[in-house]
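Observations on the three-dimensional arrangement
Each chain, written out:
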Amino acid sequence: RFPTLHWQPSNPDPAARESIMAWCPGLGNVASPVAIDAAAPGWPIVRADALLCINMVHISPWSATLGLLDGAVRIPAPGAPLLPYGPSPRAEVPPAPSNEAFDASLKARDPQWGLREVADMTEAAEARGLAFERLVEMPANNLILVYRR
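Report follows, based on the coordinates. (Residues numbered from 1 in each chain as written. Predicted model: local features only at pLDDT ≥ 70, side-chain atom pairs only at ≥ 80, totals over all residues. Heavy atoms only, no water.)

Side note on the sheet that holds strand β2 (residues 81-86)
- Spatially, the four strands line up as an open sheet ordered β1-β2-β4-β3, and their pairing is mixed. In the strand order of this sheet, the two ends are held by β1 (51-54) and β3 (131-138), each with one partner. Direction aside, neighbouring strands of the sheet carry axes that sit 15° apart on average.
- For β1 and β2, the ladder comprises four bridges, and the chain directions are parallel. When the sheet's bridge partners are listed, leucine 52 is paired in β2 with leucine 83.
- Of the strands in this sheet, β2, β3 and β4 (142-148) are in contact with helix α4 (residues 118-127), which crosses β4 at around 15°. (Pairing = 2+ DSSP bridges. Helix = DSSP H or I, 4+ residues; strand = E, 2+ residues; numbered from the N terminus. Axes fitted to C-alpha atoms, helices over the stretch in contact; angles between N-to-C directions. Contact = heavy atoms within 4.5 Å.)

Some words on the state of the cysteines
- In this structure the tally under the stated criterion is zero disulfides.
- The closest cysteine sulfur to the non-disulfide-bonded cysteine 53 is located on cysteine 24, 17 Å from its own sulfur.
- Given the relative accessible area of 10%, cysteine 53 is considered buried. (Disulfide = S-S within 2.5 Å. Buried < 20%, exposed > 50% of the residue type's maximum accessible area, 1.4 Å probe, protein only.)

Brief notes about unusual backbone geometry
- For alanine 140, which is not glycine, the phi torsion reads 60° and is therefore positive.
- Mapped onto the elements of the fold, alanine 140 is located in the loop between β3 and β4.
- Phi angles above zero are rare outside glycine, and asparagine 141 is one such case at about 60°.
- By secondary structure assignment, the location of asparagine 141 is in the loop between β3 and β4.

A few points about the nonpolar core
- Counting 23 residues, the largest nonpolar core has Trp43, Met56, Leu68, Leu82, Leu130 and Tyr147 as its most contacted members.
- Elements represented by at least two residues in this core include exactly β1, α2 (62-74), α4 and β4.
- Once residues within four sequence positions are removed from consideration, leucine 82 is found in contact with Leu51, Leu68, Leu69, Ala72, Leu130, Leu145, Val146 and Tyr147. (Core = buried A, V, L, I, M, F, W, Y, C linked by side-chain atoms within 4.5 Å.)

Re the environment of proline 76
- Of note, proline 76 is situated in the loop between α2 and β2.
- Placed 73 residues apart in sequence, proline 76 and arginine 149 show a C-alpha to C-alpha distance of 8.8 Å.
- Among residues more than four places away in sequence, those in contact with proline 76 are Ala48, Leu51, Gly71 and Arg149.

Regarding helix α3 (residues 97-109)
- Between its first and last C-alpha atoms α3 spans 19 Å; for 13 residues at 1.5 Å apiece the expected length is 18 Å, and the two agree.
- Every buried residue belonging to α3 is among Asn99, Asp103 and Leu106, and all of these are buried. The buried residues of α3 occupy one face: seen down the axis, they fall within an arc of 65°. Projecting away from the buried face of α3 at angles above 90 degrees are the exposed residues Pro97, Ala108 and Arg109. (Expected span 1.5 Å × (residues − 1). Arc of directions from axis to C-beta.)

Topic: the packing of α2 against α4
- Closest axis-to-axis distance for the α2/α4 pair is 9 Å, and the angle between their directions is 45°. Considered as vectors, α2 and α4 are oriented oblique to each other. Between α2 and α4 lies a crossing of right-handed hand. Facing Trp62, Thr65, Leu66 and Leu69 of α2, the residues of α4 in contact are Asp120, Met121, Ala124 and Ala125.
- Tallied by class, the residues present in the contact of α2 with α4 amount to six nonpolar, one polar and one charged. (Parallel < 35°, antiparallel > 145°, perpendicular 65-115°, else oblique. Left-handed = near helix turned anticlockwise from the far one by under 90°. Nonpolar A, V, L, I, M, F, W, Y, C, P; charged D, E, K, R; others polar.)

Remember that the coordinates give geometry; whether it matters functionally is a separate question.
Written out as structure tokens, the structure is:
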């Protein structure tokens, strides 16, 4: 859909990286996926024009989210966006029953997992010098949060 953009997918799981490549045959603008542990202080990339993080924040420990925020300060140029996508509850919006059930199922699988409140994400981002720009409503009770340094 965006042929002029160069995509560098990542996933720490080898099977997930194989799956990513299975969806990308013939796409010259999608690089082979790399393994990134978001919580690690070093990543195998040194530059990006944006960081798009899809469905990671809730299916990982909070330390991975903090590592993602740290990476958003290290890797992209000032002004480049960090775009985490997924279900993120907001205090001012009643939670959808499906999100409450999803959160419970995540925590049952791993107590370190679970939906992350927008306010908590924003507080942690701002502590690192990332400014909350806006929130974009997406289908199925998902959001894109936009942060910039």
